[in-house]
Amino acid sequence: MCVGPLWRLCHWGPFVTLFLILYITTLSVYCDLVFWPPTFDSYGSIVNFTILSSWIFFILFNYFNAVFRGPGFVPLGWKPEKDEDCQYLQYCHSCKSYKSPRSHHCRHCKRCVIKMDHHCPWINTCCGHLNHSSFTYFLFFAPLGCMHGAAVLILTVYHQVYKTLHYPRHRYPHLYKPTLVQYDVIHLILTFLAIGFAIGVVIAVGFLFFIQMKVIIKNETGIEAWIKAKAVYRKRDDEFIYPYHLGWRENMRQVFTWSGKPKSDGIIWTVAEGCNQYTLTIEQLKQKEEKRLRAIEYIVIGDYSGSWFPITKGFCTCIHLPFTDEPRIKINEDDIILVTRWKKYWLYGELVFEANKGGNSENKKKVRGWFPSRCAIQYNVADYPEGKSPVNKKDK
């Protein structure tokens, strides 16, 4: 199964998603055959059964579209046509290419994703430029189908329980006519489970649909919203204008098209008046520079294996974990880390010097992540006698 494009389905996210879709649909259709089976005596029953059976087509069509089409990736080794434009872009050491405007590197996909919003475990890929519309359609149809299914399931349970309690079979045998399918205690238990799943999907996926519509209407991904927020509050001489907000109607037209393909090619974007293709990337570079200026070097005083629950580092460290899926990094004594984020029990930074390898990490793949704060202290070369610094070679 995990061959070719099908590898994206080989993950717990798609497994759970497809299980819920098929389970809720199967039980809903089964209960409909019990409660209101389609017959020519009732055209309403035929219409209801047709609509109920059709939801799975719309849901799976857009789901598989989002999975297999993917978000779109920046070509490996990509660079702008004009060499002078490289100064306005960030360079990705993992992909060995420049990041095109609106693209960001995903550590799960291991590629730079075009207009990356987030990495979604339920489709086992990112929600980005190419699959944004399909992903949103999926989030739209799934709650609708589950609402319809939940209504059928609840009515079936009510009808069967009420009928059994008030009109027992031994007293009213004429009410128990032969049906297309049988319904017993096992089916009742499975139906209650399906009702719970259906209501959960309506609430959770419906909330995700609301978030994605907000992203589309503003033409502003979750990552870009964070960049914009920092740009507004950052000290600056000019007013920051978000370049991709074109009005809510045009913003929606950028994503939803009759062809199913977004308007932009993922490299060149339509921008607001007074902005250019690199307005946001230039702002990103300035924010990165300010972040580097605020960063502080720490020296590791205790090894850390990269475990998510480092019991040896104290009880408080284990219960105050960073609320994020960002990685933890393995560190060794005398390593140097450039810390950019601080919590009471955890620090986040980039490994810039590996003592075991006797050199810096500038030309290697960047290693960033969280580690326990008790494993490192602020580094000051003046605290070491001449020639005794663990990064003596680097200092020179």
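Description of the structure in this document. For every chain, the first residue of the written sequence is number 1, and numbering continues from 1 onward in sequence order. In keeping with the model being predicted, local features are shown solely for residues with a pLDDT of at least 70 and side-chain atom pairs are shown and tallied solely at 80 or more, while totals for entire chains, interfaces and linings include all residues. To get the side-chain values, take all heavy atoms of the structure and skip hydrogens and water.

### A short note on the overall build of the chain
Point 1. The helix and strand labels rest on DSSP assignments: H or I over at least four residues marks a helix, E over at least two residues marks a strand, and numbering proceeds from the N terminus. When its secondary structure is counted, the chain shows nine helices and twelve strands.
Point 2. Within the chain, contacts between residues at least 6 apart in sequence are counted, and of these 65% link residues at least 24 apart.
Point 3. For every accessible area listed, the method is Shrake-Rupley and the probe measures 1.4 Å; residues are considered covered only by the protein chains on display. Accessible surface, the chain: about 22800 Å² in total, of which carbon and sulfur atoms supply 62%. Whether two residues touch is decided by their heavy atoms; if any such pair falls within 4.5 Å, the residues are in contact.

### Details of the pairing of strand β8 (residues 336–342)
Point 1. At least two DSSP bridges between two strands are required for those strands to pair. Here strand β7 (residues 296–300) pairs with β8 via four bridges, running antiparallel. Paired with I299 across the bridge in β8 is I336.
Point 2. In the sheet, β8 pairs with strand β9 (residues 346–354) via six bridges, with the strands oriented antiparallel. Its bridge partner lying in β9, R341 is registered against Y348.
Point 3. A loop of three residues connects β8 with β9, the two strands running antiparallel in sequence.

### A few points about the side chain of R8
Point 1. Inspection of the secondary structure puts R8 in the segment before α1 (12–35).
Point 2. Setting aside anything within four residues of it in sequence, one finds R8 in contact with P14, V67, F68, R69, G70, F73, I123, N124 and T125.

### Notes on the packing of α1 against helix α2 (residues 43–69)
Point 1. α2 packs onto α1 with a crossing angle of 170° between their chain directions and a minimal axis gap of 10 Å. Considered as vectors, α1 and α2 are oriented roughly antiparallel to each other. In this structure, α1 contributes P14, T17, L18, I21, L22, T25, S28, V29, D32 and L33 to the contact, and α2 contributes N48, F49, L52, S53, I56, I59, L60, Y63 and F64.
Point 2. Along the lines of polarity and charge, the residues of the contact of α1 with α2 split into 13 nonpolar, five polar and one charged. To get an axis, a line is fitted to the C-alpha atoms, and for a helix only the part in contact is used. The angle between two axes follows their N-to-C directions and goes from 0 to 180 degrees. Working rule for angles: under 35 degrees goes down as roughly parallel, over 145 as roughly antiparallel, 65 to 115 as roughly perpendicular, anything else as oblique. In this classification, Asp, Glu, Lys and Arg are treated as charged, Ala, Val, Leu, Ile, Met, Phe, Trp, Tyr, Cys and Pro as nonpolar, and every other residue, Gly included, as polar.

### Re the packing of α1 against helix α4 (residues 185–218)
Point 1. With their axes 9 Å apart at the nearest point, α1 and α4 run at an angle of 125° to one another. Judged on the interaxial angle alone, α4 and α1 are oblique. Here α1 and α4 pass one another in a crossing that is left-handed. Touching F19, L20, Y23, I24, L27, Y30 and C31 of α1 are H187, L190, T191, L193, A194, F197, A198 and V201, all from α4.
Point 2. When its residues are assigned to classes, the contact of α1 with α4 shows 13 nonpolar, two polar and no charged. Crossing chirality is assigned from the near helix's rotation relative to the far helix, an anticlockwise turn below a right angle marking it left-handed and a clockwise turn marking it right-handed.

### Quick word on the pattern of salt bridges
Point 1. When a carboxyl oxygen of Asp or Glu lies within 4 Å of a side-chain nitrogen of Lys or Arg, that pair is called a salt bridge. In the structure shown here, the tally under the stated rule is 13 salt bridges.
Point 2. The partner of R292 in a salt bridge is E289, with the nearest N and O atoms 3.1 Å apart. Of this pair, R292 and E289 both sit in helix α7 (residues 279–294), three residues apart, which is roughly one turn of the helix.
Point 3. In this structure, E350 engages R368 in a salt bridge whose closest nitrogen and oxygen atoms are separated by 3.5 Å. Of this pair, E350 sits in strand β9 while R368 sits in strand β11 (residues 368–372), placing them 18 residues apart in sequence.
Point 4. Residue exposure (1.4 Å probe, protein chains only): buried if accessible area is under 20% of the type maximum, exposed if over 50%, otherwise partly exposed. Relative accessible area serves as the criterion here: at 37%, R368 is assigned to the partly exposed category.

Treat this as a map of the structure, not an account of what it does.
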